[in-house]
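# Chains, contacts and geometry: an overview
Chain residues, written in single-letter form:
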Amino acid sequence: MNALEVRDLRKVYRNDVVALRGVNLEVAEGDFFALLGPNGAGKSTLIGIVSSLVNATSGEARVFGISVQKERSRAMAQIGLVPQEVNFNQFEKPFDIVVNQGGYYGVPRRQARERAEYYLKKLSLWDKAFGPSRQLSGGMKRRLMIARAMVHEPKLLILDEPTAGVDIEIRRSMWKFISEINEAGTTVILTTHYLEEAENLCRNVAIIDHGGIIENTSVKALLGKLQVETFVLDLREPIETLPEVDGIEIVRRDASTLEASIPKSRSLNRLFRVLEEQGVEVISMRNKANRLEELFMRLVGIDEEAA
Amino acid sequence: MSVDVSAHSYWIGYKTILIKEVTRILRIWPQTLIPPVITMTLYFVIFGSIIGRRVGEMGGIDYMEFIVPGLIMLSVITNSYGNITSSFFGAKFGKHIEELLISPLPPWIILTGYVSGALFRALSVGFLVWLVAGFFSGFFMHNAVVTISILVMTAVVFALGGFINAIYAQKFDDIAIIPTFVLQPMTYLGGVFFSVGLLPGLWEQVALGNPILYMVNALRYGMLGITDVSLGLAYFMIVLFGTILGGVALYLLKRGTGLRT
């Protein structure tokens, strides 16, 4: 059974802005799924409709076969949502926020307290559980929203940019936690701007742009479509003349840094051989962008310089 | 894994909203419970004790006793309305209303939870004002069933009204306009301080169009055994307003007006 099925979903806001233009999407049960797209592409509207915060203009969303539009209560019982913006009462204590959310989903208070303790400890928030939540840092607030979304142990967890603005250490611990949740059987849908996150965590991906799905495949298959990869080469000495290698586009970033765009059909060995012949010594090399990021930018037509 | 929806899960959801509301009211008690008691004490001192001594009797009873039901009703109405507008609009403004909107709870449970919270505050304040009134005029009760039922039903009606106000409100000013410019004048003109029979002909007819007059008089009957209007008509008016406002509030909540885009 699919964890999520979206059929011909359209959303036209009152100001005539068309946010979704007949979106079709399926997410299999147990999947770790990335929903990617530039700002304003329709990701949040799609998540809003699935979580019933936004009314669809037409079409249907089904969660584990239950229609969000026709059986809202049953459908919502399956979902845990971590929204993009902080949306808890900052005058309440983290422990109370998590326990109360459990209550809204019918989790008995005693059980909700036990689960709140478990998830707050798991997300390293237990020492802050009984202080004012407004004093939590940005990263802590995001982790609190994950604990809140997990208290009723949903079958589908939707995370809308959960690691935005979170430092790398916390981000990695959040990835580990979310991966564990997924391994335990919870389907995870993730939207993120960190494409490294999607590449490392997710098995399948959909790219949404201008209110429509422009790509929906596995991360592996998507990366297979990457025909040209761009590398940044740091040189030991500044060079005056740009080296020329047949079939490889080389541009100068500054006097001692080059960018080489290499089609998959060409060998990296060939590049280094020519550079060596021309007396150019490379001291380090890295991808210009994350591979998925490079592909993403090409698919949605973002100008790389502007990006 | 996951929960399913049932009457029991709804009951837990309702209790959670109520516990959250009661906790909020008690946490900020200097804002929620004390100010109305101080205001009513001043009313009793100024209108009851100082001016009331010169007025003497109204409707055949001591003026101080006469104003007690009206002042209790005034505090019940303003606190019921004020609690739900500030709490629900605050949740909307702070976006934490989304915690409830994404939950499986149906609109009628959310509405019942918030109305119950408002009822708790309205009756708590009403009880405290009654204690203060007892200090000035002694305790009296003609019919406890009428007194309690009228207080509860009136608090529910104004909680529903406040809920609708909060749904439409876009900014904090929007939840202050109706209490200041509609509720307070209607309550003062609803016979809190005078018997409607004292008004000249046309104004008496105008006053009879004010629903709060029926609530104040029904409570006055419950506490003192006197009323300017029929008790049956008073109950009818309260049920009528409650049904209309409850229906509108549920419709708006289900539709997601002001809450879902």
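On a predicted model such as this, the values are computed, not experimentally measured, just so you know.

## Details of the interface of chain A and chain B
- Counting residues at the interface gives 30 residues for chain A, matched by 27 residues for chain B.
- Where the side of chain A that touches chain B is concerned, the elements lending two or more residues are α2 (72–76) and α3 (94–104) of chain A.
- With 4 residues, α3(A) is the largest single contributor of residues to the side of chain A that touches chain B.
- Here the residues of the side of chain A that touches chain B sort into 13 nonpolar, 13 polar and 4 charged.

## Observations regarding the confidence of the model for chain B
- For chain B, the mean per-residue pLDDT works out to 89, and 98% of the residues sit at or above 70.
- No element of chain B has a lower mean pLDDT than strand β1 (residues 57–58) of chain B, which averages 76, and none a higher one than helix α7 (residues 144–168) of chain B, which averages 95.

## Things to note about the sheet that holds strand β14 (residues 282–287) of chain A
All names here are of chain A.
- With antiparallel pairing, the 4 strands of this open sheet are ordered in space as β12-β13-β11-β14. Edge strands, defined here as strands with exactly one partner in the open sheet, are β12 (249–254) and β14. Sheet twist, expressed as the mean angle between neighbouring strand axes with direction ignored, is 25°.
- In terms of strand pairing, strand β11 (residues 228–235) meets β14 through 5 bridges, oriented antiparallel. The partner of L233 across the bridge, within β14, is M285.

## Notes on the nonpolar core
- Among the nonpolar cores identified, the biggest contains 151 residues, and A147(A), I158(A), L190(A), A159(B), F163(B) and M215(B) are the most heavily contacted of them.
- The element that contributes the greatest number of residues to this core is helix α4 (residues 63–93) of chain B, accounting for 16 residues.
- For M215(B), the residues in contact, after removing those within four places along its chain, are M73(B), I150(B), T154(B), A234(B) and I238(B).
- Ranked by size, the runner-up nonpolar core spans 6 residues in total, among them L233(A), A260(A), I262(A) and L271(A).

About the cut-offs
- Residues numbered from 1 in each chain as written.
- Chains lettered and ligands numbered in written order.
- Predicted model: local features only at pLDDT ≥ 70, side-chain atom pairs only at ≥ 80, totals over all residues.
- Contact = placed C-beta atoms within 7 Å.
- Helix = DSSP H or I, 4+ residues; strand = E, 2+ residues; numbered from the N terminus.
- Nonpolar A, V, L, I, M, F, W, Y, C, P; charged D, E, K, R; others polar.
- pLDDT = per-residue confidence, 0-100.
- Pairing = 2+ DSSP bridges.
- Axes fitted to C-alpha atoms, helices over the stretch in contact; angles between N-to-C directions.
- Core = buried A, V, L, I, M, F, W, Y, C linked by C-beta atoms within 7 Å.
- Buried ≥ 20, exposed ≤ 12 C-beta atoms within 10 Å, placed from the backbone.

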